[in-house]
Amino acid sequence: MAVELLSEMWVFAKVVELRGFAPAARQLGLTTSAVSRAVARLESHLGVKLLNRTTRSVSLTELGAEVYPGCARIAQTAREVSALAGRYAMAPQGRVRVSAPTVFGEVWLVPQLPAFLARWPEVEVDLTLIDRMVDLADEGYDLAIRIAAPGALSPGLVARALFDMSYQLVATPAYLAAHGEPQAPADLATHGCVYLGYGPFQDRLEFERDGHAPAAVRVRGPLTINNSKGILSAVEAGVGIGIVPDFTAAHALRAGRLQCLLPDWRLAGPYGTRTVHAVYSPSRFLPQKVRVLIDHLVAAGAGRASGKATQESDNTPP
């Protein structure tokens, strides 16, 4: 009876946490009807109604709101005990739910996963590519990738840095042959530029260079796109000079389809250097399946930074 009651409390806490029977069922690996029956049994055991149910949502009753914190503590304790046991398991196992920005996920994160899955065959990755900040606890994610300027991460999360990224100015050799290559930031004013054009990513570019005064220029162009892969496609089609994250342009630069411009200058301000982080909710015991995925991504990020430094050194004039 006591074990069954604890299980029902866990299920009830998950329904409240995820705001519905269906999402709780998916995370617990149960059917929606099984979750509903577990909550009904708990209400029967306690002799009270804990949830108001409609066809579209569930909400806590007054007493349910008082009962929920205790059930949530029980669920959290059970998760920590399970995580502690998992740390001593022979191999990590289970599903890891991950959220990442769309383009970053497509061009950098996804290519890192085959090696990880081969190394840890008992781990499954459930990856969502979405351009908004998910709520890890409310939406049931184990891990999220966040790209942020220093000090801009959401409070209350644990973060591990993967690597620093920067925005780059790129154009095709054909475009540069036809229009000339800019030699200084001010030259960009005479070129057509393709940029993100939303939020802080507007038409004013700020630059820094060691030993030089900062520079700024307002660019113009026929096209703004709120997706860096879209910008890359337009640039490769010869529309103009693009402003894109280095991870988006990396393959085209290596293949020689694009050329990096103003290499002695660094973009600053909204287009300044940012850090890619893996973030997760604080817990005394991080599940082993999450830990090994983070370690894999940190190692991949370190390899990327090392390769980039080597490439820059090779391209330095004697």
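Bear in mind that the values here come from a model prediction, so they are computed numbers and not experimental data.

## A word on the pattern of salt bridges
For the structure on display, the rule yields 16 salt bridges. With a closest N to O distance of 2.9 Å, R218 and D203 form a salt bridge. In this pair, R218 is assigned in strand β10 (residues 215–218) and D203 in the loop between β8 (192–195) and β9 (204–208), connecting sequence segments 15 residues apart. The partner of R266 in a salt bridge is D210, with the nearest N and O atoms 3.4 Å apart. Here the residue R266 occupies a position in strand β14 (residues 266–268), and D210 occupies one in the loop between β9 and β10, the gap between them amounting to 56 residues. The partly exposed category is assigned to R266, whose relative accessible area is 37%. The exposed category is assigned to D210, whose relative accessible area is 60%. Each of E4, E8 and R41 takes part in salt bridges that share partners, so that together they form one network.

## Notes on helix α8 (residues 228–236)
Three or more residues of α8 are buried, namely S228, I231, L232, A234 and V235. Along the long axis of α8, the arc covered by the buried residues comes to 165°, so they all point the same way. Of the surrounding secondary structure, the elements contacted by the buried residues of α8 are α5 (102–119), β7 (167–171), β8, β11 (220–224), β12 (241–245) and α9 (246–255). Of the residues flanking the start of α8, the one acting as N-cap is N227, its side-chain oxygen 2.9 Å from the backbone nitrogen of K229.

## Quick notes on the sheet that holds β14
Here three strands make up an open sheet; going across it, the order is β10-β9-β14 and the pairing antiparallel. The strands lining the two open edges of the sheet, one partner per strand, are β10 and β14. For this sheet, the mean inter-axis angle between neighbouring strands, taken without regard to orientation, is 35°. Where β9 meets β14, three bridges bridge the pair, whose relative direction is antiparallel. Across the sheet, residue F207 finds its bridge partner in β14, namely L267.

Criteria and cut-off values
Residues numbered from 1 in each chain as written. Predicted model: local features only at pLDDT ≥ 70, side-chain atom pairs only at ≥ 80, totals over all residues. Heavy atoms only, no water. Salt bridge = Lys/Arg side-chain N within 4 Å of Asp/Glu carboxyl O. Helix = DSSP H or I, 4+ residues; strand = E, 2+ residues; numbered from the N terminus. Buried < 20%, exposed > 50% of the residue type's maximum accessible area, 1.4 Å probe, protein only. Arc of directions from axis to C-beta. Contact = heavy atoms within 4.5 Å. Polar contact = N/O pair within 3.5 Å; in protein donor to acceptor, adjacent residues only side chain to side chain. Pairing = 2+ DSSP bridges. Axes fitted to C-alpha atoms, helices over the stretch in contact; angles between N-to-C directions.

Nothing here speaks to function; it is all geometry.
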